[in-house]
Amino acid sequence: MKPGTHPAYRQVVFRDKAGDFAILTRSTMTSDKTIEWEDGHTYPVVDVEISSASHPFYTGTARVLDTAGRVERFERRYGPGGGRR
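Read on for a plain summary of the structure.

## A closer look at the overall build of the chain
Across its full length, the chain carries two helices and four strands. Secondary structure of the chain in N-to-C order comes out as β-β-β-β-α-α. In the chain, of all internal contacts separated by at least 6 residues, the share reaching a separation of at least 24 is 33%. Summed over all atoms, the accessible surface of the chain reaches about 7,300 Å², with 52% contributed by carbon and sulfur.

## Remarks on the sheet that holds strand β4 (residues 42-48)
Taking strand neighbours across the sheet as the criterion, the four strands line up as β2-β1-β4-β3 in an open arrangement whose pairing is mixed. Only two strands of the sheet have a single partner each, and these edge strands are β2 (21-27) and β3 (34-36). Within this sheet the neighbouring strands show an average axis-to-axis angle of 45°, counted without direction. By the bridge criterion, three bridges tie β3 to β4 in an arrangement that is antiparallel. In the sheet register, I35 faces β4, and the bridge partner there is Y43.

## Focus on the pairing of β4
Bridging between strand β1 (residues 10-16) and β4 involves four bridges; their strand directions are parallel. If you follow F14 over to β4, its bridge partner there is V46.

## Brief notes about the pattern of salt bridges
A side chain of one charge can pair with a side chain of the opposite charge if their charged atoms are brought near each other. By the definition in use, this model includes two salt bridges. Between D47 and R15 there is a salt bridge, with its nearest N and O atoms 2.7 Å apart. Note that D47 is positioned in strand β4 and R15 in strand β1, a separation of 32 residues in sequence. Here K33 and D47 are joined by a salt bridge, their closest N and O atoms 3.0 Å apart. With K33 in the loop between β2 and β3 and D47 in strand β4, this pair connects stretches of sequence that are 14 residues apart.

Rules of the game
- Residues numbered from 1 in each chain as written.
- Predicted model: local features only at pLDDT ≥ 70, side-chain atom pairs only at ≥ 80, totals over all residues.
- Heavy atoms only, no water.
- Helix = DSSP H or I, 4+ residues; strand = E, 2+ residues; numbered from the N terminus.
- Contact = heavy atoms within 4.5 Å.
- Areas by Shrake-Rupley, 256 points an atom, 1.4 Å probe, with all protein chains shown as cover.
- Pairing = 2+ DSSP bridges.
- Axes fitted to C-alpha atoms, helices over the stretch in contact; angles between N-to-C directions.
- Salt bridge = Lys/Arg side-chain N within 4 Å of Asp/Glu carboxyl O.

And the structure:
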């Protein structure tokens, strides 16, 4: 790799405040904020909106859409086949 071309690849903590979850991984993301990790070292921290700890799909709180009811309502409104001729 050419020196000075690529961003620094280092350890970074990604923190999901909604899910009270944090993970230490490697990334090129930068941040002015830092956090002291469990190992006693200080790492840059990037706050994220959602992660596997708070996403409805992974937590099991996802809603199931009533697709059958939506299809029936569409067919009542437009007829079978959606009004194609």
